[in-house]
Amino acid sequence: MKIKLIFFLPHLHPGGVERVIVNLLRHLDRKLFQPFLMLSKREGAMLELLPEDVEVIDLQGIAMRKAIGKVAKCLHERKIDVAYGGTNAANITLLAASRFISPRPLVIASEHATPRLFLDEAKWRPLRIATMRLLYPKADAIAVPLEDIGQELKTLLHAPRLPIRVLPNPLVSLDDDIQPHKYDPDAEALYVAVGRLVPLKGFDILINAFAKLVPNFPQARLIILGEGPQRPQLEALIANLGLQQLVQMPGNIPDPNVYYAKATALVSASRWEGFGNVLVEAMACATPVIASDCPVGPRRILKNGEAGLLVSPEDPDALAQAMSQLLNNPELAQDLAARGRERAKDFAVEPAVLAFQQILISLFQAKSRKQAV
């Protein structure tokens, strides 16, 4: 009998959590699992990456807080065995909805960033925390990509026994034919950044750093992939610095690998980063990585600076210096590309999906044994 597994997300616009779930949907063993996807609203460029056999349930834009009844009905009608929440709001909705279903499905909540990332900007923060304290201990597992995130959850919720499971994000399929980009001093030097256009991602810091780089390296170019509410401010900053011809912001790109393959480096200037999927994706393409040493993901991913360059957060001068360092030292760039690619193997899709499947099977079997008693 196949395990019926449903993932719940707000949408499928390009993003780290969305990419993780799409990779799971694409690579789950169909002999063991029948996967479904439930979206608050069926929209987003990554819909085109879904396998044809995945049924997509569209809640037609209903707010998560109002969706508990619809979600419960969906889980019950499809006789779902396991439900996986991809965001904090999805986790809360699934955990609430599952209480109205018999037999109750297993619920896996997931947190892909430290709680402070969303709670600092969340509406009704005390109510959100109180709801998490009530519901999160009822999850059958809470999946996190880093132990730090799990520990912060335990502290925040005063719940040292939360069922935390550390699972690597299934991010990359490694192509053995990829070769590191070789820097040509006479050619364009391309820096790439990826993320939602919000202050947390530090694109203003990156643009200011790039402005400091250009006088010494006029062949340098910067592409920022992503979309978000800060676009007008960033475009104004680019114009004020006279960088309109050197900086491009093409919006959301479902697959940024084509840009990584041409890049001198992937640059992350984040003020805070829950994990940092784009770092791993670039490293898998043998692209050197420069990242601000912000909490919590970059230092972990880059192994304390062994697999990429770490710079002080909120420091355009340090960032510009690191960007110029790769142009002045092609051997360093080649070495970081090789080290980064080796590190990216720890986040390869195949072993990560296998680990995920093993967790699901063990939880499902434990539930079956309990019901048989």
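Above this note sits the structure.
Throughout this description, residue numbers start from 1 for each chain and increase along the sequence as written. In keeping with the model being predicted, local features are shown solely for residues with a pLDDT of at least 70 and side-chain atom pairs are shown and tallied solely at 80 or more, while totals for entire chains, interfaces and linings include all residues. In computing side-chain values, all of the structure's heavy atoms are included and hydrogens and water are not.

### Observations regarding the sheet that holds strand β5 (residues 106–110)
Pairing between the strands of a sheet is mediated by backbone hydrogen bonds and can be parallel or antiparallel.
No. 1: Whether two strands pair depends on DSSP finding at least two bridges between them. In this text, helices come from DSSP runs of H or I with a minimum length of four residues, and strands from runs of E with a minimum of two, each type numbered from the N-terminal end. Strands sit in the order β3-β2-β1-β4-β5-β6-β7 across an open sheet of seven strands; the sheet is parallel. Two strands lie at the open edges of the sheet, namely β3 (55–58) and β7 (164–166), each paired on one side alone. Going across the sheet, the axis of each strand differs from the next one's by a mean of 25°, ignoring polarity.
No. 2: Where strand β2 (residues 33–39) meets β3, four bridges bridge the pair, whose relative direction is parallel. Bridge assignment links leucine 37 to a residue of β3, and that residue is valine 56.
No. 3: Contacts are assigned to residue pairs that have any heavy atoms within 4.5 Å of one another. Working convention: axes come from line fits to C-alpha atoms, limited for helices to the stretch in contact. Angles between N-to-C directions cover 0 to 180 degrees. Along the sheet face, helix α2 (residues 68–77) touches β1 (3–9), β2, β3 and β4 (82–85) and points at about 160° away from the line of β1.

### Concerning the pairing of β1
No. 1: Along β1, six of the seven residues are buried, which leaves the element largely enclosed by surrounding structure.
No. 2: The sheet contact formed by β1 and β2 spans seven bridges and is parallel. Along β2, the bridge assignment pairs leucine 5 with proline 35.
No. 3: By the bridge criterion, four bridges tie β1 to β4 in an arrangement that is parallel. Looking at the pairing, phenylalanine 7 lines up with tyrosine 84 of β4. Categorising residues by exposure relies on relative accessible area from a 1.4 Å probe, with only protein chains included: less than 20% of the type maximum marks a residue as buried, more than 50% marks it as exposed, and the intermediate range marks it as partly exposed.

### Describing the nonpolar core
No. 1: Joining through side-chain atoms within 4.5 Å is the link that ties buried Ala, Val, Leu, Ile, Met, Phe, Trp, Tyr and Cys residues into a set, and such a set is a nonpolar core. Ranked by size, the top nonpolar core spans 97 residues in total, and within it Phe7 and Leu37 carry the most contacts.
No. 2: The leading source of residues in this core is helix α14 (residues 349–372), at seven residues.
No. 3: Residues contacting phenylalanine 7, with those up to four places away along its chain left out, are Ile21, Leu24, Leu25, Leu28, Phe36, Leu37, Met38, Tyr84 and Phe356.
No. 4: In this structure, Ile205, Ile207, Phe210 and Val311 belong to the second largest nonpolar core, which totals 39 residues.

### Concerning the side chain of arginine 231
No. 1: Within the secondary structure layout, arginine 231 lies in helix α8 (residues 231–240).
No. 2: For arginine 231, a relative accessible area of 16% corresponds to the buried category.
No. 3: Those residues in contact with arginine 231 that sit more than four places away from it in its chain are Leu197, Gly226, Met249, Pro250 and Gly251.

### Quick look at helix α13 (residues 330–344)
No. 1: The end-to-end C-alpha distance of α13 is 21 Å, a good match for the 21 Å that 15 residues give at a rise of 1.5 Å each.
No. 2: Regarding α13, the residues found buried are Leu332, Ala333, Leu336, Ala337, Gly340, Arg341, Arg343 and Ala344. Down the axis of α13, the buried set is contained in an arc of 165°. They therefore lie on one face.
No. 3: Looking at the packing, one finds that the buried side of α13 touches α10 (277–284), α11 (297–301), β13 (309–311) and α12 (316–328). Residue count minus one, scaled by 1.5 Å, sets the expected span of a helix. The arc in question is the one spanned by the directions pointing from the helix axis to the C-beta atoms.

### Examining the sheet that holds strand β8 (residues 189–194)
No. 1: A sheet is described by the order of its strands in space; here six strands give the open sequence β10-β9-β8-β11-β12-β13, paired in parallel fashion. Whereas interior strands pair on both sides, the edge strands pair on one side only; in this sheet they are β10 (247–251) and β13. Looking at each pair of strands side by side, their axes are set apart by 20° on average, direction ignored.
No. 2: Looking at chain direction, strand β11 (residues 265–268) and strand β12 (residues 289–292) are connected through three bridges and run parallel. Of the residues in β12, the one forming a bridge with valine 267 is isoleucine 290.

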